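# Structure assessment
One-letter residues, chain by chain:
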Number of protein chains: 2
Amino acid sequence: MPLSEAQSSPVTSNQATGEDALAALMSLVAEDLEACNRLIVARMHSPVALIPQIGAHIVAAGGKRLRPLLTLAAARLGGYSEGQRHVALASCIEFIHTATLLHDDVVDESALRRGQASANALFGNQASVLVGDFLFARAFELMVEDGSLEVLGILSGASATIAEGEVLQLITQNDTSSTEEQYLAVIEGKTAALFAASAEVGAIVAGCPPAQQKALRAYGHNLGVAFQLIDDALDYSATQESLGKTVGDDFREGKITLPVLLAFQRGTAEERDFWRRTLEEGDQTEADLPRAIALMQKHHAFADTVGRAQAYGDASLAGLDLFPDGEARRALAGIVAFCISRAR
Amino acid sequence: MPLSEAQSSPVTSNQATGEDALAALMSLVAEDLEACNRLIVARMHSPVALIPQIGAHIVAAGGKRLRPLLTLAAARLGGYSEGQRHVALASCIEFIHTATLLHDDVVDESALRRGQASANALFGNQASVLVGDFLFARAFELMVEDGSLEVLGILSGASATIAEGEVLQLITQNDTSSTEEQYLAVIEGKTAALFAASAEVGAIVAGCPPAQQKALRAYGHNLGVAFQLIDDALDYSATQESLGKTVGDDFREGKITLPVLLAFQRGTAEERDFWRRTLEEGDQTEADLPRAIALMQKHHAFADTVGRAQAYGDASLAGLDLFPDGEARRALAGIVAFCISRAR
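### Here we look at the interface of chain A and chain B
In this complex, chain A contributes 34 residues to the contact, which on the side of chain B involves 34 residues. Between the two partners, chain A and chain B, sit zero salt bridges. Every element with two or more residues in the side of chain A that touches chain B is listed here: α3 (50-60), α5 (85-108), α7 (125-146) and α8 (149-172) of chain A. Broken down by element, the side of chain A that touches chain B gets its largest block of residues, 14 residues, from α8(A). Of the residues in the side of chain A that touches chain B, the class split is 22 nonpolar, eight polar and four charged.

### Concerning the environment of A:Gly63
Residues and elements named next belong to chain A. For Gly63, the location among the structural elements is in the loop between α3 and α4 (66-77). Under the relative-accessibility criterion, Gly63 is labelled partly exposed at 36%. Remark: the alpha-carbon pair of Gly63 and Gly115, spanning 52 residues in sequence, is separated by 9.9 Å.

### A few points about the side chain of A:Thr305
Residue and element names in this part refer to chain A. Relative to the elements of secondary structure, Thr305 occurs in helix α16 (residues 301-318). Residue classification places Thr305 among the buried positions, given a relative accessible area of 0%. Reaching out from Thr305, the side chain makes a polar contact with the backbone oxygen of Ala301 at a distance of 2.7 Å. Setting aside residues no more than four positions away along its own chain, Thr305 makes contact with Leu229, Ala233, Leu258, Pro259 and Leu262.

### Side note on the relation of the copies chain A and chain B
Between the two copies, chain A and chain B, the superposition gives an RMSD of 0.0 Å; the rotation angle is 180 degrees and the shift along the axis is 0.0 Å. Overall, the copies show the geometry of a two-fold rotation axis. Mapped onto chain B, 100% of the interface residues of chain A are again interface residues, and the two copies thus contact each other with one and the same surface.

### Details of the environment of B:Ala185
Tracing the sequence through the fold places B:Ala185 in helix α9 (residues 180-205). Note: C-alpha distance between B:Ala185 and B:Val205 (20 residues apart in sequence) is 28 Å.

### Details of the packing of helix α5 (residues 85-108) of chain B against helix α7 (residues 125-146) of chain B
Residues and elements named next belong to chain B. Running from amino to carboxyl end, α5 crosses α7 at an angle of 160 degrees, the nearest separation of the two axes being 8 Å. Here α7 runs roughly antiparallel to α5, going by the angle between their axes. Our pair here, α5 against α7, has a crossing hand that is left-handed. For the contact of α5 with α7, the per-class residue count stands at 14 nonpolar, five polar and four charged.

### Quick word on the state of the cysteines
Taken as a whole and judged by the stated rule, the model has zero disulfides over all chains. The thiol of A:Cys208 is unpaired, and the distance to the nearest cysteine sulfur, on A:Cys92, comes to 18 Å. When its relative accessible area of 5% is taken as the criterion, A:Cys208 is described as buried. Here B:Cys92 is not cross-linked by a disulfide; its sulfur's nearest cysteine counterpart is in B:Cys36, at 9.5 Å.

### Brief notes about the packing of α4(A) against α5(A)
Each pair of packed helices gets described by two things: the angle between the helix axes and the distance between those axes. All names here are of chain A. Packing of α4 against α5 leaves a shortest axis separation of 8 Å and a crossing angle of 155 degrees. Comparing their axes, α5 and α4 come out roughly antiparallel. Note on packing geometry: the crossing formed by α4 with α5 is right-handed. Within the contact between the two elements, α4 uses Arg67, Pro68, Thr71, Leu72 and Ala75 and α5 uses His86, Val87, Ala90, Ile93, Glu94 and His97. Taken together, the residues of the contact of α4 with α5 break down into six nonpolar, three polar and two charged.

Quick notes on the rules
Residues numbered from 1 in each chain as written. Chains lettered and ligands numbered in written order. Predicted model: local features only at pLDDT ≥ 70, side-chain atom pairs only at ≥ 80, totals over all residues. Heavy atoms only, no water. Contact = heavy atoms within 4.5 Å. Salt bridge = Lys/Arg side-chain N within 4 Å of Asp/Glu carboxyl O. Helix = DSSP H or I, 4+ residues; strand = E, 2+ residues; numbered from the N terminus. Nonpolar A, V, L, I, M, F, W, Y, C, P; charged D, E, K, R; others polar. Buried < 20%, exposed > 50% of the residue type's maximum accessible area, 1.4 Å probe, protein only. Polar contact = N/O pair within 3.5 Å; in protein donor to acceptor, adjacent residues only side chain to side chain. Least-squares fit on C-alpha atoms with pLDDT ≥ 70 in both. Axes fitted to C-alpha atoms, helices over the stretch in contact; angles between N-to-C directions. Parallel < 35°, antiparallel > 145°, perpendicular 65-115°, else oblique. Left-handed = near helix turned anticlockwise from the far one by under 90°. Disulfide = S-S within 2.5 Å.

Quick look at the structure:
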């Protein structure tokens, strides 16, 4: 089901622009990204064969490598041109991200991830928990090899914040009385923290002055919030093929995302009963997901979620103002357009 | 059921000696241990209330704090007397250990831990996975505050090795054809790696020369192997009260530990069928655990496991030879006796 209301939203970039922007970024750092992918495979190695097997499954499943791309492009924007520190740290950020994906899928009991059977569905929850732990530890080994305590501080802090966001999500799940403020804290933790760290680490590697580090961190943070807002809209509005995971997962799990909060706030008493029955009591029939989507459309929940994402996207762009115009800045700006345009 | 055969093993220390030894160590570093416990509570803090709640549950459940004790005593042995680095790093080692316990209980579906309901039984698997992730990240934040890349390298390496050991254990589970070599690799990973790191970190804080660091690391490694061998014997031979967890857990989960391997190797064809049915096929009746224990006694599997532990204990003691006699060395030697004497 297309996100039809998004057409009336303030989003101006169309899908072609979004994909062009991603392509431009990938081409700008193509060599670095390849080196990063090679390093990911190499450092996934372990004498315990199941670990690289699960690792290969995840690497093969693809993913856009958005977070490592941010690190690579931010380092480029900051003028980093010699050395491979940005590649090593981009890999370690992808390890952290992959570890959280493995654990998320266990927590959510997801069957699909990036359009393929999820690792927990294929290899079991036990292996997913333990291989996630391995990848997390391996990420810190890579950071130690890099040798920057500043980077170690940023990424250990981000990792703790991610876990806090995930726990808060667990607590507010199935609770229609949870607030927009709590929702924002959840997505700032589970998503924006690592986006922010990814961009900031690039700035640090490049030796940017503190104001520029802070600006790139803000860029990443706001981009991360925008990205997750769009993700949460897509969970109700995308087709399964385009989403690469099961549509309606959030609904079935009773996750309280912004589209739900808006439809609930604006709903009639009878509609609120519907949300309570389906999300709090988990009492759902086949007809309920289409009804949830119809209610969101009725109350402009999609358009307003996308509008909110656009506002964060604009804030994200402002973080780039400190840097001179050029290929790298345009590529990072394009990523904002890409993230928002996924909702078209 | 007491580990009766152990009385014919080469273990010479009696239970009183073991407990006296633990008490002597705890009294030697009593102030440091208290500071460590305070720091654990303080740094478990998070605005997400469920995190300190689960943390408090684990802290309240006690545990002997063996690993932090090793760090504190090793630092003392190395002559460290000023500063609180050993306390901070001992806390972070306990955080790593607690994170692995939370994840282990999810992987093993354990109902009891240290004689109380396990966190996964009380708070659910999802919270246990995520709070484990938080504690692991928090441990690295503490290490970054300490600021030693050497310590960060040791503990990130140990964390990866622990996860590898746990994955190997998962793979060899329910497989009676797995080998003693694989079993040893499992316990070296899941247990000995953090014991070794705990002692080594104490030596590093104290500024010990490399040979002494290596010796304390070897002390911890061999102690860890001895500790786990005894643990695996106790899983079949202890009473539930003394064990603090469900007796027979390993049997029900089909874990292939040394007592099983010895009884299987030495068993008749009919006995091997019994092991295959119960451990590989998981087809168990109430009479099977007593029969497993009887077979282990018949084949001297307990005595030989304890004997093996004693040999590792002796190797562990040899690691202390480089240090002058004194309270700290005697306390660390006493821990070896304590670990072995648990099997009495």
